[in-house]
Amino acid sequence: MAEPVATIVLVSNGPGEMTTWVRPLADELHRLLPLRPRDPQAPCSLQLVLVPCPNATGQEARLARGWDLFSRVLPAGRFWWLLLRPARHGPWPRQGVVVFLGGDQFWTVLLSARLGYRHLTYAEWVARWPQWNDRIATMGPKASRRLAPRWRTRSTEVGDLMADLSASARQDAPLPEGEWVALLPGSKRAKLQVGMPFLLAAADRLAALRPGCRFLLPVAPTTTVDELRAFAGPANPIARYFGIQEPSRQGGELITAAGTPIRLLEVHPAHGPLSQCRLALTTVGANTAELGALGVPMIVLVPTQHLHVMQAWDGWLGLLARLPLARRLLGVALTAWRMRHRGFLAWPNITAGRAVVPERVGPITPQQIAEEAADWLDHPDRLEGLRDDLRSLRGRPGAVAALAGLVRDLLPSGLTA
């Protein structure tokens, strides 16, 4: 079989970007163009390169390989070797396009220069290296306005890639009738240590307040059901703090010690079932962006009783909190400072610049959250108003198709005729 004459290289980092940006664009590119591996005779291939990122889980490559969308998936641990000796991971076609979809934008600058490929950045808030981009796809006017006038001719406003998530999600995997509440404890160990026992305790209390309430828990592709159970068991000292014991598993459900059944979603992404939930209780992170794109009302939780929460934060605060000595000496001071200067944590609020969804930060308890959730569920009109606000933030669908069109335009013309 002849080698491809061109390639498209998507570059990304963490699980949120992989699910909401990389997979939709890869699917659309396969619809738009003949590409390997779906079309083994195609003159162009689709590849994925993962870059170093402190927020990654290390399981992103395994997740991507299971999608059958990429001819080659390079994990983040090989990125530096790829820059030093591309031929070790080759052969590489002489022509190609590198597309930034998460991580540090400079990594794609280096990679496109090293491979001699054209370069496109999807800029959610800012394009940091416009001079080294052939094209820039911006999410909205905020990113476009940040470009210097001389670079704006390279820029196209495509919209929010996540606006397309809700277009067909409700048609997939319909849930049984009921008042469904989603529980999203996170995907990283630091978040799961607090999130699992906290949310199971909140579910028990909400079930007592509203006996007809039903719960589902999407299992992130970077963890397993057994790991989730362990985080709610005696191996996790935080579980005892919330009075939680390890739940049992019965078929596709977790059953808490109090008898609350929680449906497990082991298909990823779980956009269809999630979009049918009336409310979600969630940690911070990319999951707030997914829920917002699906129009799912949410309560965003950051319980600060335990320093483990600090280790899950982004940036220099999270790095300091991971140091064995610093996390004890500076934990209390960092928490106090962060709570005072934190700004918004949930993506819908960051996007809107105002409090669209409630963020509960501090020494919150499962009982408090259960009572607040019950109050929201008692007022479906308020929930529907919140759902409308979330939908309006995302804009109209079509960004994925627009971005795929820009990628196609950067390929050699003979491949796209």
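The paragraphs below set out a description of the structure included in this document.

Definitions and limits used
Residues numbered from 1 in each chain as written. Predicted model: local features only at pLDDT ≥ 70, side-chain atom pairs only at ≥ 80, totals over all residues. Heavy atoms only, no water. Axes fitted to C-alpha atoms, helices over the stretch in contact; angles between N-to-C directions. Helix = DSSP H or I, 4+ residues; strand = E, 2+ residues; numbered from the N terminus. Parallel < 35°, antiparallel > 145°, perpendicular 65-115°, else oblique. Contact = heavy atoms within 4.5 Å. Left-handed = near helix turned anticlockwise from the far one by under 90°. Buried < 20%, exposed > 50% of the residue type's maximum accessible area, 1.4 Å probe, protein only. Phe/Tyr/Trp six-rings, centres within 6.5 Å; stacked < 30°, edge-to-face > 60°. Lys NZ or Arg CZ within 6 Å of the ring centre and 35° of its normal. Pairing = 2+ DSSP bridges. Salt bridge = Lys/Arg side-chain N within 4 Å of Asp/Glu carboxyl O. Expected span 1.5 Å × (residues − 1). Arc of directions from axis to C-beta. Core = buried A, V, L, I, M, F, W, Y, C linked by side-chain atoms within 4.5 Å.

1. What about the packing of helix 17 (residues 366–377) against helix 18 (residues 380–394)?
A pair of packed helices can be characterised by two numbers: the angle between their axes and the separation between those axes.
(1) Moving on: Between helix 17 and helix 18, the shortest axis-to-axis distance is 6 Å and the interhelical angle comes to 90°. For the element pair helix 17 / helix 18, the angle class is roughly perpendicular. Facing Asp375, Trp376 and Leu377 of helix 17, the residues of helix 18 in contact are Pro380, Arg382, Leu383 and Leu386.

2. Brief notes about the packing of helix 7 (residues 189–209) against helix 17
(1) Moving on: Between helix 7 and helix 17, whose axes approach to 8 Å, the crossing angle comes to 50°. By the angle between their directions, the pair helix 7 and helix 17 is classed as oblique. Crossing angle aside, the handedness with which helix 7 passes helix 17 is right-handed. Facing Phe198, Ala201, Ala202, Arg205, Leu206 and Leu209 of helix 7, the residues of helix 17 in contact are Pro366, Gln367, Ile369, Ala370, Glu371, Ala373, Ala374 and Leu377.

3. Describing the environment of Ser275
(1) Moving on: Topologically, Ser275 is positioned in helix 10 (residues 271–275).
(2) Moving on: For Ser275, a relative accessible area of 2% corresponds to the buried category.
(3) Moving on: For the pair formed by Ser275 and Leu175, sequence separation is 100 residues and the distance between their alpha carbons is 9.9 Å.

4. Examining the packing of aromatic side chains
(1) Moving on: All chains considered together, the criterion is met by nine aromatic pairs.
(2) Moving on: Where Phe198 meets Phe242, the ring centres are 5.3 Å apart and the plane angle is 85°; that geometry is what we call edge-to-face. Of this pair, Phe198 sits in helix 7 while Phe242 is found in the loop between helix 9 (237–241) and strand 10 (248–250), placing the two residues 44 residues apart along the sequence.
(3) Moving on: It is Arg72 that lies over the ring of Trp92; its NZ or CZ is 4.1 Å from the centre.
(4) Moving on: Lying across the ring of Trp376, Arg382 places its NZ or CZ 4.1 Å from the centre.

5. Re the sheet that holds strand 8 (residues 179–184)
(1) Moving on: Spatial ordering of the open sheet is given by 10-11-12-9-8-13-14-15, a layout of eight strands whose pairing is mixed. Two strands lie at the open edges of the sheet, namely strand 10 and strand 15 (359–362), each paired on one side alone. Averaged over all pairs of adjacent strands, the angle between their axes in this sheet comes to 25°, without regard to strand direction.
(2) Moving on: With three bridges connecting them, strand 11 (residues 253–255) and strand 12 (residues 261–265) associate as antiparallel partners. Note on strand 12: the bridge partner recorded for Glu253 is Arg263.

6. Considerations on the pattern of salt bridges
(1) Moving on: Overall, the coordinates contain 13 salt bridges when judged by the stated rule.
(2) Moving on: Here Glu28 makes a salt bridge to Arg31, at a shortest N to O gap of 2.9 Å. Here the residue Glu28 and the residue Arg31 both occupy positions in helix 1 (residues 15–32), the gap between them amounting to three residues, near one helical turn.
(3) Moving on: With a closest N to O distance of 3.0 Å, Arg382 and Asp375 form a salt bridge.
(4) Moving on: Residue classification places Arg382 among the partly exposed residues on the basis of a relative accessible area of 34%.
(5) Moving on: Counted as one network, the salt bridges with shared partners bring together Glu179, Arg210, Arg278 and Asp378.

7. A short note on helix 18
(1) Moving on: In this model, helix 18 (15 residues) spans 22 Å end to end at C-alpha, consistent with the 21 Å of a helix rising 1.5 Å per residue.
(2) Moving on: For helix 18, the complete set of buried residues consists of Leu383, Leu386, Arg387, Leu390 and Arg394. Along the axis of helix 18, the buried residues cluster in a sector spanning 105°; they form a single face. Turned more than 90 degrees off the buried face of helix 18, the exposed positions are Asp381 and Ser392.
(3) Moving on: Of the surrounding secondary structure, the elements contacted by the buried residues of helix 18 are helix 10, strand 13 (279–282), helix 11 (286–294), strand 14 (298–303), helix 16 (347–352) and helix 17.
(4) Moving on: In the stretch just after helix 18, Gly395 is the one whose phi turns positive, near 80°.

8. Some thoughts on the nonpolar core
(1) Moving on: Counting 106 residues, the largest nonpolar core has Ile8, Leu10, Phe70, Leu101 and Leu281 as the members making the most contacts within it.
(2) Moving on: Per element, the largest residue contribution to this core is eleven residues, and it comes from helix 7.
(3) Moving on: Ignoring anything within four residues of it in the chain, the contact list for Leu281 reads Val181, Ala182, Leu183, Leu184, Leu199, Ala202, Ile299, Leu301, Ile369 and Ala373.
(4) Moving on: Of all hydrophobic cores here, the second largest spans 14 residues; its members include Val11, Val49, Leu82 and Trp107.

9. Quick look at helix 11
(1) Moving on: Within helix 11, eight of the nine residues are buried, leaving the element largely enclosed by the surrounding structure.
(2) Moving on: Taken as a whole, helix 11 has its buried residues at Asn287, Thr288, Ala289, Glu290, Leu291, Gly292, Ala293 and Leu294.

10. Thoughts on the sheet that holds strand 6 (residues 135–138)
(1) Moving on: Strand order in the open sheet formed by seven strands is 3-2-1-4-5-6-7, with parallel pairing between adjacent strands. What marks the edges here is a single partner per strand, and that holds for strand 3 (72–74) and strand 7 (155–157). Taking each pair of neighbouring strands and ignoring which way they run, the sheet shows an average axis angle of 20°.
(2) Moving on: As defined by bridge partners, strand 2 (residues 44–50) adjoins strand 3 across three bridges and the pair is classed as parallel. If you follow Gln47 over to strand 3, its bridge partner there is Arg72.
(3) Moving on: Its contacts with the sheet put helix 19 (residues 399–410) on strand 1 (6–12), strand 4 (95–100), strand 5 (118–123), strand 6 and strand 7, and the angle it makes with strand 5 is roughly 165°.

11. Section: the pairing of strand 12
(1) Moving on: Of the strand pairs in this sheet, strand 9 (residues 213–218) and strand 12 are connected by four bridges, and their pairing is parallel. Within strand 12, the residue paired with Leu216 across the bridge is Arg263.
(2) Moving on: Hairpin remark: strand 11 followed by strand 12, antiparallel, with five residues in the connecting loop; positive phi at Gly259, about 95°.

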